Amino acid sequence: MNAPDLGTLVAVSWLDAHARAQAEQTLEDIAAETLVTYTSYGILVRCDTVVVAVAADARHDDGTRYRGVTYIPIGMVQSITSKQRKKRRPKPAPVETT
């Protein structure tokens with residue numbers, strides 16, 4: 001998977017694993033079950049062959065530390081999209097009228 005650089009603000013879309021209660025299900029019930037896609041937003045702090053991790057918060061006053069980290073198994077990841085803002089061109093200076 002071609003991912004943005006670590007430290008980039010990203011959106012990670014991924015399939016959520018889930019389980020049903022211990023009730024009986026037919027094969028038709030199981031075949032009809034759908035997966036839910038979630039999107040997690042944060043700072044990309046890990047992306048390798050095992051896991052993608054995004055952090056909600058970054059602390060930089062005593063070295064880089066993160067909190068609120070979500071770890072997503074790579075097999076569940078559907079996409080990773082950079083959400084970094086592109087630098088805007090400065091607005092032209094207003095024209096003075098006399």
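The structure displayed is predicted, hence computed values, not measured ones.

What counts, and at which threshold
Residues numbered from 1 in each chain as written. Predicted model: local features only at pLDDT ≥ 70, side-chain atom pairs only at ≥ 80, totals over all residues. Heavy atoms only, no water. Helix = DSSP H or I, 4+ residues; strand = E, 2+ residues; numbered from the N terminus. Rg over C-alpha atoms; globule rule 2.2 N^0.38 Å. Contact = heavy atoms within 4.5 Å. Areas by Shrake-Rupley, 256 points an atom, 1.4 Å probe, with all protein chains shown as cover. Lys, Arg positive; Asp, Glu negative; His and termini not counted. Charge placed at Lys NZ, Arg CZ, Asp CG, Glu CD. Pairing = 2+ DSSP bridges. Axes fitted to C-alpha atoms, helices over the stretch in contact; angles between N-to-C directions.

A. Quick look at the overall build of the protein chain. In terms of helices and strands, the protein chain carries 1 helix and 5 strands. Secondary structure of the protein chain in N-to-C order comes out as β-α-β-β-β-β. Relative to the 2.2 N^0.38 estimate, which gives 13 Å for 98 residues, the radius of gyration of the protein chain is 21 Å and therefore markedly larger than a compact globule would have. With the principal axes as the frame, the protein chain shows a C-alpha extent of 80 × 40 × 25 Å. Sequence separation of at least 24 residues holds for 57% of the intrachain contacts in the protein chain that already meet a minimum separation of 6. Just so you have it, the protein chain exposes about 8,200 Å², and 51% of that area is on carbon and sulfur atoms. Here the protein chain contributes 12 positive and 11 negative side-chain charges, whose respective centroids are spaced 15 Å apart.

B. Inspection of the pairing of strand β3 (residues 51-59) at higher detail. In the sheet, strand β2 (residues 36-47) pairs with β3 via 4 bridges, with the strands oriented antiparallel. For I43, the partnering residue across the bridge sits in β3 and is A55. Relative to strand β4 (residues 65-73), β3 runs antiparallel, the two being bridged by 8 bridges. Counted as the bridge partner of R59 is R65 from β4.

C. Molecular detail of the pairing of strand β1 (residues 9-16). Sheet analysis places β1 next to β2, joined by 8 bridges and oriented antiparallel. Paired with A11 across the two strands is Y41, which belongs to β2. With 5 bridges connecting them, β1 and strand β5 (residues 77-82) associate as antiparallel partners. Across the sheet, A11 pairs through a bridge with T81, a residue of β5.

D. Main features of the sheet that holds β1. With antiparallel pairing, 5 strands are arranged side by side in an open sheet as β4-β3-β2-β1-β5. Two strands in the sheet have a free side with no partner beyond their single neighbour: β4 and β5. Adjacent strand axes in the sheet meet at a mean angle of 35 degrees, parallel and antiparallel pairs treated alike.

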